[in-house]
Amino acid sequence: MANQASFSAADHAFMARALQLARRGLYSTTPNPRVGCIVVRDGNVIGEGWHEKAGLPHAEAGALAAIVGAGGTAKGATAYVTLEPCSHFGRTPPCADALIAAGVARVVAAMTDPNPLVAGQGLAKLTAAGIEVASGLLAAEATELNIGFVSRMTRGRPWLRLKVAASLDGKTALNNGASQWITGPAARRDAHAWRARSCAVLTGIGTVRDDNPRLTAREVPTTRQPLKVVIDSRLETPPDAAVLEGGNVLIAAAEDNARGAALRARGAEIVLLPNGQGKVELAALLQELGRRGINEVLAEAGARLNGSLLREGCVDELLIYQAPILLGDLARGMFGLAELTDLAGARHLNIIERRVVGADFRIRARFA
């Protein structure tokens, strides 16, 4: 396959446009990846497409249909696609076959598909048909756009972002539990956008009791709501909890009991995933979510569950909003972690993004 140096400036520009199209599916494609495609002839774009949701045409099919609809043909053209064209029958026919039938001369893919059902077979099929194939153009950007899909395909579990809203001194609530609102309206809207792109929003029973959250994406336009996941070892979620409104709730528990009937009557699904301490086995929960096609999880919980997720290696990324306020030593912290007696035990992070959001700061970090 080609390397970055072998791609022209025009190639970069066309793939950047395909990635722009792919982002239109940011909130809607799950469990499928976000994919964009453009078809180019003689330096001119003759067709564009993007995948909107599972069951609808893939990006390549959409771009080819646009060409046909305009009375044109893709014969001899170049297709730029942000993910390797699929080679198998799923809900829709193989995109590699569609590109071959359309007579394209060249296909440039940003990245190979991590799905074992594809994994290079789409590009191999195109090559066998005599089509010039290249991949790796803007691969980092394409991978980042589908980081949850890649995680599920390669690790069997979703990508988990741990979101925290805190003061400048790292506190998430007063000692009496009051926490609304530490950050401002712009930060809250931004957090709802991260909810909307996530396949699931996860919290714990403590947050359900203290804050009674709905866990829905309300501040951004979206056609899909994430699955609401509550970690509740003993099924203590109140039957009138706001999180149960509208269904689409999965409660992860360590035991079943009489309270389960009332929760099921409210539409909640209960899955039992006990560990040896009578708590929910968090790694097993992520594997279960992966089996359900969940690509990205946004965790919004309290310090205790946050600490457990970190200790058990479940956190892939931190999404921290910091408000320019101070709450003092007695206020509640971000992570319930054991005391360190040596700085050598500190976990190091790479800051991948810093941004001002309204009056607050947003920091994204991943472990080094």
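Residues numbered from 1 in each chain as written. Predicted model: local features only at pLDDT ≥ 70, side-chain atom pairs only at ≥ 80, totals over all residues. Heavy atoms only, no water.

Trainee: Can you lay out the packing of helix H3 (residues 95-102) against helix H4 (residues 121-128) for me, pointing to particular residues and giving the numbers?
Mentor: Packing of H3 against H4 brings their axes to within 9 Å, and their N-to-C directions diverge by 20 degrees. Classified by the interaxial angle, the pair formed by H3 and H4 is roughly parallel. For H3 against H4, the interelement crossing comes out right-handed. Residues Ala 96, Asp 97, Leu 99 and Ile 100 of H3 pack against Gly 122, Lys 125 and Leu 126 of H4. A breakdown of the residues in the contact of H3 with H4 according to their chemical character gives four nonpolar, one polar and two charged. (Axes fitted to C-alpha atoms, helices over the stretch in contact; angles between N-to-C directions. Helix = DSSP H or I, 4+ residues; strand = E, 2+ residues; numbered from the N terminus. Parallel < 35°, antiparallel > 145°, perpendicular 65-115°, else oblique. Left-handed = near helix turned anticlockwise from the far one by under 90°. Contact = heavy atoms within 4.5 Å. Nonpolar A, V, L, I, M, F, W, Y, C, P; charged D, E, K, R; others polar.)

Trainee: Residues and numbers for the sheet that holds strand S9 (residues 227-231), please.
Mentor: An order of S11-S10-S9-S8-S12-S6-S13-S16-S15 is seen for the nine strands of this open sheet, with the pairing classed as mixed. Of all the strands in the sheet, the pair left with one neighbour each is strand S11 (269-272) and strand S15 (349-357). Sheet twist, expressed as the average angle between the axes of neighbouring strands with direction ignored, equals 20 degrees. Across the sheet, helix H6 (residues 147-155) lies against strand S6 (159-167), strand S12 (296-299) and strand S16 (360-367), angled at about 130 degrees from S6, the strand it touches most. Contacts from helix H10 (residues 282-291) reach S6, strand S8 (200-204), S9, strand S10 (249-253) and S12, with the element oriented near 165 degrees to S9. (Pairing = 2+ DSSP bridges.)

Trainee: For the pairing of strand S2 (residues 44-50), give the residues involved together with the corresponding values.
Mentor: The two faces of a sheet get side chains in turn, since along a regular strand they alternate between them. Here strand S1 (residues 36-41) pairs with S2 via six bridges, running antiparallel. Bridged to Ile 38 within S2 is Glu 48. Between S1 and S2, which follow one another and run antiparallel, lie two residues, and Asp 42 among them has a positive phi close to 55 degrees.

Trainee: Break down the sheet that holds S2 for me, with residues and values.
Mentor: If you walk across this open sheet you meet the five strands as S2-S1-S3-S4-S5, and the pairing is mixed. Strand pairing shows two members of the sheet lacking a second neighbour, S2 and strand S5 (132-135), which therefore form its edges. With strand direction ignored, the average angle separating the axes of adjacent strands in the sheet is 15 degrees. Judged from the four bridges that link them, S1 and strand S3 (residues 78-81) form a sheet pairing that is antiparallel. Each bridged residue has a counterpart across the sheet, and for Ile 38 the counterpart in S3 is Tyr 80. Relative to S2, helix H2 (residues 59-69) is tilted by about 135 degrees, and along the sheet it contacts S1, S2 and S3. Docked against the sheet, H4 engages strand S4 (106-109) and S5, running at close to 155 degrees with respect to S5.

Trainee: Quick one: what's the story with the pattern of salt bridges, residue by residue and with numbers?
Mentor: Between side chains of opposite charge, a pair can form when the charged atoms approach closely. Scanning the entire structure with this criterion turns up 27 salt bridges. Linked by salt bridges that have partners in common, Arg 34, Glu 144, Arg 161, Asp 190, Arg 197, Glu 296, Glu 317, Glu 353, Arg 355, Arg 362, Arg 364 and Arg 366 make up one network. (Salt bridge = Lys/Arg side-chain N within 4 Å of Asp/Glu carboxyl O.)

Trainee: Please set out the packing of aromatic side chains residue by residue, giving values where relevant.
Mentor: Centre-to-centre distance and the angle between the planes together describe a pair of aromatic rings. Taken as a whole, this structure holds one aromatic pair when the rule is applied. A cation over an aromatic ring shows up here: Arg 347 above the ring of Phe 367, its NZ or CZ 3.9 Å from the ring centre. (Phe/Tyr/Trp six-rings, centres within 6.5 Å; stacked < 30°, edge-to-face > 60°. Lys NZ or Arg CZ within 6 Å of the ring centre and 35° of its normal.)

Trainee: If you had to explain the pairing of S4 to someone new, which residues and values would you point to?
Mentor: Of the two faces of S4, both are covered, the one formed by Arg 106 and Val 108 as well as the one formed by Val 107 and Ala 109. Two strands pair when backbone bridges link them, and S4 and S5 are joined in this way by four bridges, in the parallel orientation. Its bridge partner lying in S5, Val 107 is registered against Val 133. Handedness of the crossover is the feature at issue here: the chain leaves S4, passes through H4, returns alongside S5, and the resulting connection is right-handed. (Buried < 20%, exposed > 50% of the residue type's maximum accessible area, 1.4 Å probe, protein only. Right-handed = clockwise from strand over helix to strand, strands pointing away.)

Trainee: Before we move on, could you go through unusual backbone geometry and cite the residues and values that matter?
Mentor: Most peptide bonds take the trans form, and the phi angle of most residues other than glycine is negative. Across the junction of Thr 30 and Pro 31, the peptide omega takes the value 5 degrees, indicating a cis bond. Phi is positive for Ala 119, close to 45 degrees, though the residue is something other than glycine.

Trainee: Give me the lowdown on the side chain of Asp 190, citing residues and values where you can.
Mentor: Looking at the element boundaries, Asp 190 is found in helix H7 (residues 185-197). Excluding residues that lie within four positions of it along the chain, Asp 190 makes contacts with Tyr 321, Val 357 and Arg 362.

Trainee: An account of empty space enclosed by the protein is requested, with residue identities and associated values reported.
Mentor: If you walk through the whole model with that rule in mind, you get one cavity of 30 Å³ or more. Approximately 60 Å³ is the volume found for the largest cavity. Here the residues of the lining of the largest cavity sort into four nonpolar, six polar and two charged. (1 Å grid on protein atoms, 1.4 Å probe; cavity = no way out; pocket = protein on both sides within 12 Å on 5 of 7 lines; lining within 4 Å. Points joined across faces, edges and corners; volume = space filled by probe spheres on them.)

Trainee: Give a description of the nonpolar core that names residues and reports values.
Mentor: One finds Met 15, Val 39, Tyr 80, Leu 99, Val 107 and Leu 126 to be the most contacted residues of the largest nonpolar core, which totals 40 residues. Considering each element in turn, this core owes the most residues, six residues, to helix H1 (residues 9-22). Ignoring anything within four residues of it in the chain, the contact list for Leu 99 reads Glu 60, Leu 64, Ala 79, Pro 85, Val 104, Val 107, Leu 126 and Ile 131. (Core = buried A, V, L, I, M, F, W, Y, C linked by side-chain atoms within 4.5 Å.)

Trainee: Please provide a residue-by-residue account of H7, values included.
Mentor: Along its 13 residues, H7 runs 19 Å from first to last C-alpha, staying within 8% of the 18 Å computed at 1.5 Å per residue. Where H7 is concerned, the buried positions are Ala 187, Asp 190, Ala 191, His 192, Ala 193, Trp 194, Arg 195, Ala 196 and Arg 197. (Expected span 1.5 Å × (residues − 1).)

Trainee: A description of the side chain of Ser 28 should follow, citing residues and the corresponding values.
Mentor: For Ser 28, the position within the fold is in the loop between H1 and S1. Beyond its immediate chain neighbours, meaning those up to four positions away, Ser 28 contacts Glu 52, Lys 53, Thr 223 and Arg 224.

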